[in-house]
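What follows is the residue order along each chain.
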Amino acid sequence: MPSPRNADMTFEDLPTLQDALRSCDRSLLVRVVMADQVQGSFPRETAGKEQRASMERRIEETLEAMCSLDVRRKGKRQLVLYPEESFSLDGRTGMIKRRLAASLFDLRHVPAVKRARKALGKRARSYKQVKRILKDKRRLAVIEAEELEPQAYTLVPWEKVLAYRVWLPDTLCLREHYMVLASAFWEMAFYGFEQDRMRENSDCGAAWGQAAAGRAEGGEGSPAEPGERAFAQCGDAAGESGAAAAPAAGAPAGNPEKAPAGLLSMMATDRFDRLYREKLAYIIAVLNHNARIGNCNALLDLACALGVN
């Protein structure tokens, strides 16, 4: 997977996304797609060994379809996929999550990148430094310019996306290369996977309807019908969420002074966690500020290597 090394490099020297997918280790890519993309989007569909194996086969089949398509290599010369780094707070685990996305950028907007890099200033060490920049409306407008927004390609036909050039810098480790490819794959394939999941959930709903009809005909004491067993396997998500949302018995109407000791302890714990998450938010702001600087530098390095001003 070549990457720019000098100013003599041309746009055609960058591999297409299809070339990168064809030349990568399929097993490693499937592994990263499962870990970074699928399990976060469809955790229930990968809970068991059989489900996981089925999902992996689906990914492999989709990759094979992408690699076998007839792709026209001559497209818009200005568009390139590059690794864009960002950070967020994982609400389920309370941990800071790093994302390395395959963002689509138009090289005609390099001047906007130069202006944003200047407005970002030096790398930050504290939230106070970031806050000073965020308070400056002029600098903020330059940093958040519309030209710097990555272009969406979720609904673009695969033949066009696979023809996009992709840049995988040598500064990234091997897994990071695969994270970028996994991100591009998931951007293209997500809706297909989502439609399959919705179709399966619809089948679960039909099974539930059959079971309900069987109970109506046979009475409450009748044995479970095949449809009812199918519904049980699908999982009663609505029941689980309803149980979680139900208030505890004897919960006060809103006066904390009249709350039981156990509930007061819970409220203190919530504040305890909230303060910690607020601190994490400040840390994430610093990380994202520095990540923006890194993203700008990466794009400027690419533009320099390709001779784009």
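Please refer to the structure placed before this passage.
Note that this is a predicted model, so its numbers are computed, not measured.

> Requested: an account of the overall build of the protein, with residues and values cited.
When helices and strands are counted, the protein shows 11 helices and 3 strands. Counting from the amino terminus, the protein carries its helices and strands in the arrangement α-α-α-β-β-α-α-α-α-β-α-α-α-α. Taking all 309 residues of the protein together, 34% fall into the buried category. Of the roughly 19000 Å² of accessible surface on the protein, a fraction of 53% belongs to carbon and sulfur atoms.

> Explain helix 4 (residues 110-120) to me, using residue names and the numbers behind them.
Three or more residues of helix 4 are buried, namely Val110, Ala112, Val113, Ala116, Ala119 and Leu120. Gly121 lies just past helix 4 and shows a positive phi near 70°.

> Outline the sheet that holds strand 2 (residues 96-106), listing residues and values.
Strand order in the open sheet formed by 3 strands is 2-1-3, with mixed pairing between adjacent strands. Each of the sheet's edge strands pairs with one partner strand only, and the pair in question is strand 2 and strand 3 (165-166). In terms of strand pairing, strand 1 (residues 79-89) meets strand 2 through 11 bridges, oriented antiparallel. Bridging across to strand 2, Glu85 finds its partner in Leu100.

> Go over the packing of aromatic side chains with me, naming the residues and quoting the values.
Following the criterion strictly, the structure yields 7 aromatic pairs and no others. Measuring from ring centre to ring centre gives 5.1 Å for Trp186 and Phe193, while their planes differ by 55°; the resulting arrangement is tilted. By relative accessible area, Trp186 is classed as buried at 7%. Taking relative accessible area as the criterion, Phe193 reaches 3% and is therefore assigned buried.

> Hey, could you go over the pairing of strand 1 for me, with residue numbers and the actual values?
In textbook terms, the turn of a hairpin is the stretch between consecutive antiparallel strands, and for strand 1 and strand 2 this stretch comprises 6 residues, one of which, Gly94, has a positive phi near 75°. Sheet topology places strand 1 next to strand 3; 2 bridges connect them, and they run parallel. Bridge assignment links Leu81 to a residue of strand 3, and that residue is Val166.

> Give a description of the nonpolar core that names residues and reports values.
Leu17, Leu21, Leu29, Ile59, Tyr153 and Phe185 are the most contacted members of the largest nonpolar core, which has 41 residues in total. Residues within four places of Leu29 in sequence aside, it is in contact with Leu21, Cys24, Leu63, Tyr178, Leu181 and Ala182. Membership of the second largest hydrophobic core comes to 25 residues, among which are Tyr82, Ile133, Leu148 and Ala303.

> So what's going on with the pattern of salt bridges? Which residues, and what values?
On inspection of all chains with the given rule, the structure shows 6 salt bridges. Note that Glu64 is salt-bridged to Arg26, the shortest N-O span being 3.3 Å. With a gap of 38 residues between them, Glu64 in helix 3 (residues 49-68) and Arg26 in helix 2 (residues 26-41) connect regions that are remote in the sequence. The salt bridge involving Arg98 is made with Glu176; its shortest N-O contact spans 2.9 Å.

Cut-offs applied
Note that residues are indexed from 1 along each chain, following the sequence as it is written. Restriction of local features to residues with pLDDT of at least 70 applies here, the model being predicted, together with a cutoff of 80 or more for giving and counting side-chain atom pairs; totals for whole chains, interfaces and linings are based on all residues. Computation of side-chain values: all heavy atoms of the structure, hydrogens and water removed. The helix and strand labels rest on DSSP assignments: H or I over at least four residues marks a helix, E over at least two residues marks a strand, and numbering proceeds from the N terminus. For each residue, the accessible area found with a 1.4 Å probe, counting protein chains only, is set against the maximum for its type, and the residue is called buried under 20%, exposed over 50%, and partly exposed in between. All accessible areas in this document rest on Shrake-Rupley with a 1.4 Å probe, and a residue is counted as covered only by the protein chains that are shown. A pair of strands counts as paired when DSSP detects no fewer than two bridges linking them. Classification of ring pairs rests on two measures: the distance between centres of Phe, Tyr or Trp rings, Trp counted by its six-membered ring, which must be within 6.5 Å, and the angle between planes, read as stacked under 30 degrees, edge-to-face over 60 and tilted in between. Side-chain atoms within 4.5 Å link the members of a nonpolar core, which is a set of buried Ala, Val, Leu, Ile, Met, Phe, Trp, Tyr and Cys residues. When checking whether two residues touch, look at their non-hydrogen atoms; a contact exists if any pair is within 4.5 Å. For this analysis, a salt bridge means a side-chain nitrogen from Lys or Arg found within 4 Å of a carboxyl oxygen belonging to Asp or Glu.

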